[in-house]
Amino acid sequence: ACTPLIALPDGAASSALSPQGRLGSVPWLLLPLRQRRPAAMVKETIRVYARLKPLGRRQQAGIYSVDDEKSASSLEITVPRDVADGFVNNKRESYKFKFQKIFDQEAKQDVVFDSIAKPVAECALAGYNGTIFAYGQTGSGKTFTITGGAERYSDRGIIPRTLSYIFDQLQKDKSKVYTTQVSYLEIYNECGYDLLDPRHEASRLEDLPKVTIMEDPDQNIHLKNLSLQQASNEEEALNLLFLGDTNRMIAETPLNQASTRSHCIFTIHISSKEPGSPTIRHSKLHLVDLAGSERVAKTGVAGHLLTEAKYINLSLHYLEQVIIALAEKNRSHIPYRNSMMTSVLRDSLGGNCMTTMIATLSLDKRNIEESISTCRFAQRVALIKNEAVLNEEIDPKLVRNMIIQLKREIQELKDELTLVTGKQRTSELSQEELLLLDYIFFFSLKNVFRLDELIEKFLEDNEPESTLDVGADMRKIKYCFTYLKLRQNRPKISDEKLLSHHIPEDKDTSKEEGKGELKKMKELLQQRDNEISILSREKIFGFQLMWLQWFLCVR
Ligand code: ADP
Ligand code: MG
């Protein structure tokens with residue numbers, strides 16, 4: 001059965017449960033299920049893998065070597081002498097790069113899925129955002145890795161395998177109610193297109209609905225016009241993937257090879273809820289096939305295609321800028337907004353997401369320069385730290401109902417209180433309510449005091465047995481605490497000192513005036529106190545009478 005990977009205990013505060021995502025040196029995600037401690041926040045660097053495309057028969061091998069170690073693998077690329085002559089740094093002959101793991105030419109799709117995508121899919125099921133993106137030059141195997149090859153069923157790539165895995169897990173897990181939706185976005189020349197638009201039989205990319213970016217006041221990115229299609233099972237989801245890929249292909253002509261020049265983002269949106277629980281978990285899993293990373297100079301194109309190449313290179317250039325900014329410590333501004341792709345993937349890069357990069361490499365002699373540049377990019381990406389948090393929220397519908405119910409309950413309790421006490425209680429204490437009786441024993445009524453006087457009296461009373469009884473009125477209890485707090489924080493200097501602090505010493509007249517003012521205020525205060533005292537004595541007299549009558553009646 002499918003057990004949730006990261007079960008958050010009810011009511012647990014997120015910060016209290018952060019094991020930093022790592023146990024020793026092993027990344028949290030790579031730990032066996034049983035060893036993964038509950039975590040509401042997982043801090044991890046972006047995991048970076050490399051995949052080498054099988055070389056054609058005529059392509060020269062022997063340029064690289066893979067060194068597999070336990071925790072990481074390294075790839076050494078040796079630049080052949082004839083290539084090195086025209087190379088950027090012809091002094092160096094070999095370059096070494098570290099990856100989480102390197103998938104050599106013969107690595108099959110199922111192995112790639114199991115190591116790279118399955119852990120991310122598991123996290124998405126548990127309520128964390130995930131992103132897997134493929135980066136590399138055109139023809140290096142990005143689409144083959146992300147979507148797959150059409151020739152054999154076993155060539156299915158990460159998207160169909162992830163869909164199959166997710167729906168398989170959802171079916172097994174009867175403890176929750178899941179909803180799944182998918183979206184498919186293509187970004188071409190800084191414009192977004194909805195590849196899942198069902199109304200269109202697009203013959204050009206421009207025929208598809210244009211997607212634009214909106215930012216809300218909390219700086220969350222929303223994609224306007226990108227449809228979220230419900231997919232209740234694997235078949236429905238695969239049909240949508242097929243629709244999107246068809247739209248992607250139709251829009252492509254030999255002159256306009258959009259797919260190698262555009263970024264495609266297939267997103268699986270998962271929400272889950274346990275029946276009866278008020279919390280909902282949401283997660284997004286982005287599977288990204290980026291545009292070819294080759295540089296403009298090499299594309300050797302003109303006119304329309306040059307414009308495209310510039311755009312593509314520009315957005316990848318901005319991606320690089322974002323990566324560089326993120327890797328720098330103390331950088332407060334990250335230029336996500338410079339391109340649509342970096343805006344859409346903002347959370348995946350240095351945000352709330354578990355992100356994985358696959359550097360696809362076509363390591364023959366011709367591509368050595370591009371391969372080294374892809375590896376260099378990967379090394380920088382590997383420095384970026386993300387903080388994935390469990391995306392939980394209280395069901396807004398439930399919250400609304402709960403508020404209505406609580407309001408009703410409060411009103412009922414208020415009515416009940418009025419009935420019992422015979423008084424209508426307001427949230428604040430009235431002046432009248434601040435007057436309390438102080439009596440020594442049952443019928444010997446002593447006096448009436450204001451609550452603050454009683455507190456003072458209580459504080460001054462050295463008798464260890466003395467208590468301060470304000471009755472079962474939460475407002476009065478709160479009043480006492482507030483009074484004590486104010487008293488505690490009251491400046492320790494006397495009134496006179498306070499005055500002399502404000503009035504210069506040499507001005508005797510104003511000092512006298514100040515004293516007069518103080519005296520006047522004290523008199524006013526005394527007068528108020530007397531009034532209150534008279535008022536309360538009248539009240540207490542009535543009260544005493546009532547008690548007396550009652551006492552006589554009983555006897
Ligand atoms: P990209 O999307 O990076 O431009 P593709 O995924 O389209 O590159 O790959 C180019 C060609 O190489 C395709 O015909 C693809 O089927 C093939 N190819 C890529 N990677 C592999 C692989 N690992 N095994 C077999 N064929 C591959
Ligand atoms: Mg491609």
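In the nomenclature of an unreviewed UniProt entry, the protein chain is known as Kinesin-like protein of Callipepla squamata. Annotation of the protein chain in UniProt includes, under Sequence similarities (unreviewed entry), the sentence "Belongs to the TRAFAC class myosin-kinesin ATPase superfamily. Kinesin family." Per UniProt, the protein chain carries the Subcellular location (unreviewed entry) text "Cytoplasm, Cytoskeleton".

Peer 1: I'd like a description of the overall build of the protein chain, backed by residues and values.
Peer 2: Broken down by element type, the protein chain carries 15 helices and 21 strands. With 555 residues in all, the protein chain has 41% of them scored as buried. For the protein chain, contacts bridging at least 24 residues in sequence account for 68% of all contacts bridging at least 6. Carbon and sulfur atoms make up 53% of the accessible area of the protein chain, which totals about 32,600 Å².

Peer 1: Break down helix α5 (residues 234–250) for me, with residues and values.
Peer 2: The first and last C-alpha atoms of α5 sit 24 Å apart over 17 residues, in line with the 24 Å expected at 1.5 Å per residue. Restricting attention to buried positions, one finds in α5 the residues A237, L240, L241, G244, D245, N247 and R248. The buried residues of α5 all sit within an arc of 155° when viewed along its axis, so they share a single face. Opposite the buried face of α5, at more than 90 degrees from it, the exposed residues are E235, F242 and M249.

Peer 1: Explain the UniProt feature "binding site: ATP" (unreviewed entry) in the protein chain to me, and be specific about the residues and the numbers.
Peer 2: UniProt marks G136, Q137, T138, G139, S140, G141, K142 and T143 with the feature "binding site: ATP" (unreviewed entry), using the numbering shown here. Tracing the backbone through its elements, the reader meets T138 in the loop between β9 (130–135) and α3 (142–146). With respect to the helices and strands, the residue G139 is situated in the loop between β9 and α3. Given the relative accessible area of 43%, G139 is considered partly exposed. The contacts of G139, once residues within four sequence positions are left out, are K53 and S362.

Peer 1: Residues and numbers for a negative patch on the surface, please.
Peer 2: A cluster of like negative charges, contributed by E409, E412, D415 and E416, occupies part of the molecular surface. Take E409: it is sitting in helix α11 (residues 396–421).

Peer 1: Account for the sheet that holds strand β6 (residues 73–78), with residues named and values stated.
Peer 2: Strand order in the open sheet made by the three strands is β5-β6-β7, with antiparallel pairing throughout. Looking at which strands have only one partner, the edges of the open sheet turn out to be β5 (64–68) and β7 (94–99). The mean inter-strand angle of the sheet, taken between neighbouring strand axes irrespective of direction, is 20°. As paired elements, β5 and β6 share five bridges and run antiparallel to each other. Paired with S65 across the two strands is E76, which belongs to β6. Strands in contact with helix α10 (residues 368–381) are β6 and β7; relative to β7, the strand with the most contacts, it is inclined by about 40°.

Peer 1: Please set out the nonpolar core residue by residue, giving values where relevant.
Peer 2: If you look at the biggest cluster of nonpolar residues, it comprises 46 residues, and the most contacted ones within it are L75, I77, F99, L319, L349 and M357. Core analysis: the second largest hydrophobic core is formed by 41 residues, A117, Y165, I166 and L241 among them.

Peer 1: For the site of ligand 1, give the residues involved together with the corresponding values.
Peer 2: By nearness alone, every residue bordering ligand 1 is listed as R51, K53, P54, Q137, T138, G139, S140, G141, K142, T143 and F144. One nitrogen or oxygen atom from the main chain of S140 is found 3.3 Å from an oxygen atom belonging to ligand 1. The backbone of K142 places a nitrogen or oxygen atom 2.9 Å from an oxygen atom of ligand 1. In the complex, the protein chains occlude 67% of the 550 Å² of accessible area that ligand 1 would expose alone. In terms of residue count, α3 provides more of the shell around ligand 1 than any other element does, three residues in total. Here the residues of the shell around ligand 1 sort into two nonpolar, six polar and three charged.

Peer 1: Pulling in residues and values, what's your account of α11?
Peer 2: Between the first and last C-alpha of α11 there are 37 Å, a value that for 26 residues agrees with the 38 Å anticipated at 1.5 Å per step. G422, located one to two residues past α11, shows a positive phi value of around 75°.

Peer 1: Quick one: what's the story with the packing of aromatic side chains, residue by residue and with numbers?
Peer 2: Evaluated as defined, the whole model comprises four aromatic pairs. Here Y49 and F103 contribute two aromatic rings whose centre-to-centre distance is 6.1 Å and whose plane-to-plane angle is 35°, an arrangement assigned as tilted. With Y49 in strand β4 (residues 47–52) and F103 in strand β8 (residues 101–103), the pair connects residues that are 54 residues apart, well separated along the chain. Accessibility expressed as a relative area gives 2% for Y49, which makes it buried. A cation over a ring is seen here: K457 above F449, with NZ or CZ 5.1 Å from the ring centre.

Peer 1: Explain a nonpolar patch on the surface to me, and be specific about the residues and the numbers.
Peer 2: A surface patch of nonpolar side chains, about 350 Å² in accessible area, is lined by F458, L459, F481 and L484. Listed by contribution, the elements that provide at least two residues to the nonpolar patch are α12 (451–460) and α13 (474–489). Looking at where L459 falls in the secondary structure, it is placed in helix α12. By relative accessible area, which is 36% here, L459 ends up partly exposed.

Peer 1: Explain unusual backbone geometry residue by residue, including any values.
Peer 2: At N189, a position not held by glycine, the phi torsion is positive, near 50°. With respect to the element layout, N189 can be found in the loop between β10 (177–188) and β11 (191–194). Despite not being glycine, E190 has its phi angle at roughly 65°, a positive value. Among the structural elements, E190 can be located in the loop between β10 and β11.

Peer 1: With reference to specific residues and values, describe the packing of helix α2 (residues 109–126) against helix α4 (residues 158–172).
Peer 2: Remark: α2 packs on α4, axes separated minimally by 9 Å, with the N-to-C direction vectors making an angle of 50°. The orientation of α2 with respect to α4, classified from their angle, is oblique. Seen along the crossing, α2 lies across α4 with a hand that is right-handed. In this structure, α2 uses Q109, D110, V112, F113, A117, K118, A121, E122 and L125 to contact α4, whose residues at the interface are I158, R161, T162, Y165, I166, Q169 and L170. Class assignment of the residues belonging to the contact of α2 with α4 gives a composition of nine nonpolar, three polar and four charged.

Peer 1: Can you explain the pattern of salt bridges? Please cite residues and give values.
Peer 2: Scanning the entire structure with this criterion turns up 15 salt bridges. The closest approach of N and O atoms between K43 and E387, which form a salt bridge, is 3.6 Å. With K43 in strand β3 (residues 41–45) and E387 in strand β18 (residues 385–389), the pair connects residues that are 344 residues apart, well separated along the chain. K43 sits in the partly exposed class, given a relative accessible area of 25%. Residue D173 is joined to K176 by a salt bridge in which the shortest nitrogen-to-oxygen separation is 3.9 Å. Each of D245, R248 and D289 takes part in salt bridges that share partners, so that together they form one network.

How each quantity is defined
Residues numbered from 1 in each chain as written. Chains lettered and ligands numbered in written order. Predicted model: local features only at pLDDT ≥ 70, side-chain atom pairs only at ≥ 80, totals over all residues. Heavy atoms only, no water. UniProt positions renumbered as here; feature names shortened; annotations may be inferred. Helix = DSSP H or I, 4+ residues; strand = E, 2+ residues; numbered from the N terminus. Buried < 20%, exposed > 50% of the residue type's maximum accessible area, 1.4 Å probe, protein only. Contact = heavy atoms within 4.5 Å. Areas by Shrake-Rupley, 256 points an atom, 1.4 Å probe, with all protein chains shown as cover. Expected span 1.5 Å × (residues − 1). Arc of directions from axis to C-beta. Patch = residues over 30% accessible without salt bridge, like charges linked within 9 Å, V, L, I, M, F, W, Y side chains within 5 Å. Salt bridge = Lys/Arg side-chain N within 4 Å of Asp/Glu carboxyl O. Lys, Arg positive; Asp, Glu negative; His and termini not counted. Charge placed at Lys NZ, Arg CZ, Asp CG, Glu CD. Pairing = 2+ DSSP bridges. Axes fitted to C-alpha atoms, helices over the stretch in contact; angles between N-to-C directions. Core = buried A, V, L, I, M, F, W, Y, C linked by side-chain atoms within 4.5 Å. Near = heavy atom within 4 Å. Polar contact = N/O pair within 3.5 Å; in protein donor to acceptor, adjacent residues only side chain to side chain. Nonpolar A, V, L, I, M, F, W, Y, C, P; charged D, E, K, R; others polar. Phe/Tyr/Trp six-rings, centres within 6.5 Å; stacked < 30°, edge-to-face > 60°. Lys NZ or Arg CZ within 6 Å of the ring centre and 35° of its normal. Parallel < 35°, antiparallel > 145°, perpendicular 65-115°, else oblique. Left-handed = near helix turned anticlockwise from the far one by under 90°.

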